[in-house]
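Geometric and topological summary
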Protein chains: 2
Amino acid sequence: MVTLSEENYLKTIFHLGRHDKASVSTNAIAQKMETKASSATDMIKKLSEKGLVDYQKYKGVQLSENGRLAAISVIRKHRLWEVFLVNKLSFSWDEVHEVAEQLEHIKSEKLTLELESFLDYPTQDPHGDPIPDSNGSIPSTQKLLLAKVKQGHQCICVGVKDSSSEFLKYLDKYKIALGSQIKVISKEAYDESMTVKINDIQKTISKEVAQNLFVKTN
Amino acid sequence: MVTLSEENYLKTIFHLGRHDKASVSTNAIAQKMETKASSATDMIKKLSEKGLVDYQKYKGVQLSENGRLAAISVIRKHRLWEVFLVNKLSFSWDEVHEVAEQLEHIKSEKLTLELESFLDYPTQDPHGDPIPDSNGSIPSTQKLLLAKVKQGHQCICVGVKDSSSEFLKYLDKYKIALGSQIKVISKEAYDESMTVKINDIQKTISKEVAQNLFVKTN
DNA sequence: ATAAATTTTTAGTCTTATCTAAACTTTAAG
DNA sequence: CTTAAAGTTTAGATAAGACTAAAAATTTAT
Ligand SMILES: [Mn+2]
Ligand SMILES: [Mn+2]
Ligand SMILES: [Mn+2]
Ligand SMILES: [Mn+2]
């Protein structure tokens, strides 16, 4: 039995440890969870006793195999629910996260499987993030930040790095969505802004925007 | 802010006080909640302080207007989710309750409204129970127990009083469902069993069954 | 290499929701 | 009307999860 709070910690540890495989620090966990380091330490001990993380005092934590599977299961549910909210109910992509944070904790294997089937086995959520399958495998997609694309190249928007409501609303405002064709017209060295052509409309976007859009080159 | 546990107590008090408008006893609440009377007393005090129930020591509780609305909101969500599980995912009516017990606590007004719309504004759940509307009004349906129907009369099954998995599976086994036509052939005074014709098949059912099926006479 | 700064852990407290045991109130019998 | 039984509340304890303040370990800087 994994509690709701434990699930949230596991998810956070998973996301923090996703790229570099080094161990995750207590402070980093506390910061992401918007709690205090002492609370994180308490929870880490509990997760360690349950065999969900490997922990050495002062050296941070890493998910164990069971912990990894538990984290992925929660992320799977989160993303499936986000697809449901956008595709079946009329939520927009900036409204789904908060509700999915609640729905991801519903415990029913059958529900998850039936929901997945009802949604026709989606492979990614409304923000372009991959949906793990029922075995915990995460489909890999090669994507890069728009900021890395060279001048003159054409690409297609496949995801967002920042999925905050503010950023998503900014994208909506300028009709930038998953699937949008983007051509890099020019890049400004000074402030790392870039001029791009999106949906045949030319626009200059800031470094902040270019560093939070994932694209795939054609 | 009403906690998950408070919501469950409110729901229980609502159901216990549904028919007789007398106040609900501590013991009755504790029993339904599968907890101890002392725990119920603690919670009652908390609900009373929040203005959700009217409470006098040793005299039991009654829901206040706010408490009633909070309880109905939870029941509304419970029943809408049950409809979703049966109509959209392939759950059977004996599998939905446990999952709905979790889903009923998801807090999102928009989710509830969109779900209701997605389901085409159902007025009853898979067990024949009415679904409150967004204002908290509960559609009333005149129904009576099959046990009360006189010999020779024809009626139609419109709900179950006991919605336990065991009873629902029994009904499935004999192809008794909402909408089934039932004619009372004869009644046995000794054990209150009755012989009925359901879907053109004659069958004798026990008092237990007849007292847990709601019907509407034609 | 030592001191200072930072990070992490521990100790002790708080809140929510639960429990047992004991005390108190109400109800039912005699 | 008094006593026994049943129902209810209080007192004190526990577990989960969080917090503050203080101690300990590690890292960084002089
Ligand atoms: Mn999300
Ligand atoms: Mn997402
Ligand atoms: Mn139910
Ligand atoms: Mn129901």
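Overview of the structure. (Residues numbered from 1 in each chain as written. Chains lettered and ligands numbered in written order. Predicted model: local features only at pLDDT ≥ 70, side-chain atom pairs only at ≥ 80, totals over all residues. Heavy atoms only, no water.)

With respect to the coordination of the manganese ion (ligand 4)
Residues and elements named next belong to chain B. Keep this limit in mind: Donor criterion used throughout: N, O or S atom within 2.8 Å of the metal, extended to 3.2 Å for Na, K and Ca. Water excluded; incomplete-looking sites may result.
With distances of 2.2 to 2.3 Å, the protein atoms coordinating the manganese ion (ligand 4) are E82 (OE), D125 (OD) and H127 (ND1). On the primary sequence, the residues serving as donors to the manganese ion (ligand 4) are separated as E-x42-D-x1-H. Taken as a pair, the manganese ion (ligand 4) and the manganese ion (ligand 3) show a spacing of 3.5 Å, with E82 coordinating each metal.

A few points about a negative patch on the surface
Residue and element names in this part refer to chain A. To keep it simple, the criterion reads: Patch membership requires more than 30% relative accessible area and the absence of a salt bridge. Residues of like charge join within 9 Å; the nonpolar side chains Val, Leu, Ile, Met, Phe, Trp and Tyr join within 5 Å. Accessible surface area values rest on a Shrake-Rupley calculation with a 1.4 Å probe, where residue burial reflects the displayed protein chains alone. A pairing counts as a salt bridge when a side-chain nitrogen of Lys or Arg comes within 4 Å of a carboxyl oxygen of Asp or Glu. Positive: Lys, Arg. Negative: Asp, Glu. His and the chain ends are not part of the count. For charged residues, the charge sits on one atom: NZ in Lys, CZ in Arg, CG in Asp, CD in Glu. Strands are runs of DSSP state E lasting at least two residues, helices are runs of H or I lasting at least four, and both sets are numbered from the N terminus onward. When accessible area is computed with a 1.4 Å probe and restricted to protein chains, residues below 20% of their type maximum are described as buried, those above 50% as exposed, and intermediate ones as partly exposed.
On the surface, E188, D191, E192 and E208 cluster together to form a negatively charged patch. For E208, the position within the fold is in helix α8 (residues 207-210). On the basis of relative accessible area, E208 is assigned to the partly exposed category, the value being 49%.

Structural notes on the packing of helix α1 (residues 4-17) of chain A against helix α4 (residues 65-87) of chain A
All names here are of chain A. Applicable threshold: To obtain an axis, a line is fitted to C-alpha atoms, over the contacting stretch when the element is a helix, and the angle between two such axes runs from 0 to 180 degrees between their N-to-C directions. The cut-offs work like this: below 35 degrees is roughly parallel, past 145 is roughly antiparallel, 65 to 115 is roughly perpendicular, and the gaps in between are oblique. Residue contacts are counted whenever heavy atoms from the two residues lie within 4.5 Å of one another. When residues are grouped by polarity, Ala, Val, Leu, Ile, Met, Phe, Trp, Tyr, Cys and Pro land in nonpolar, Asp, Glu, Lys and Arg in charged, and all others, Gly among them, in polar.
Two elements in contact, α1 and α4, have axes separated by 8 Å at closest approach and are oriented at 95°. Judged by the angle between their axes, α1 and α4 are roughly perpendicular. Taking contact as the criterion, the partners of E7, L10, K11, F14 and H15 in α1 are, on α4, G67, R68, A70, A71, I72, V74, I75 and R79. Along the lines of polarity and charge, the residues of the contact of α1 with α4 split into seven nonpolar, two polar and four charged.

A few points about the protein's contact with DNA strand C
Stated precisely, the cut-off is as follows: By convention in these notes, a residue is near a molecule or strand provided one of its non-hydrogen atoms lies within 4 Å of it. Distance and chemistry together define a polar contact, namely a pair of N or O atoms within 3.5 Å, with one atom able to donate a hydrogen and the other to accept it when in protein, and with adjacent residues in sequence counting only for side-chain atoms on both sides.
What surrounds DNA strand C is a group of 21 residues, the closest being K45, Y55 and K57 of chain A together with T35 and K46 of chain B. Close to the protein, within 4 Å, the atoms of DNA strand C are drawn from sugar and phosphate at a rate of 76%. Measuring from a phosphate oxygen of DNA strand C, one finds a side-chain N or O atom of T35 of chain B at 2.4 Å. A distance of 3.5 Å separates a sugar or linking oxygen of DNA strand C from a polar atom in the side chain of Y58 of chain B. Residue assignment for the surface near DNA strand C shows that the elements contributing at least two residues are α2 (26-32) and α3 (37-49) of chain A together with α1 (4-17) and α3 (37-49) of chain B.

A short note on the coordination of the manganese ion (ligand 1)
Coordination of the manganese ion (ligand 1) by the protein comes from H78 of chain A (NE2), E82 of chain A (OE) and H97 of chain A (ND1), over a distance range of 2.0 to 2.2 Å. Sequence positions of the donors to the manganese ion (ligand 1) reduce to the motif H-x3-E-x14-H.

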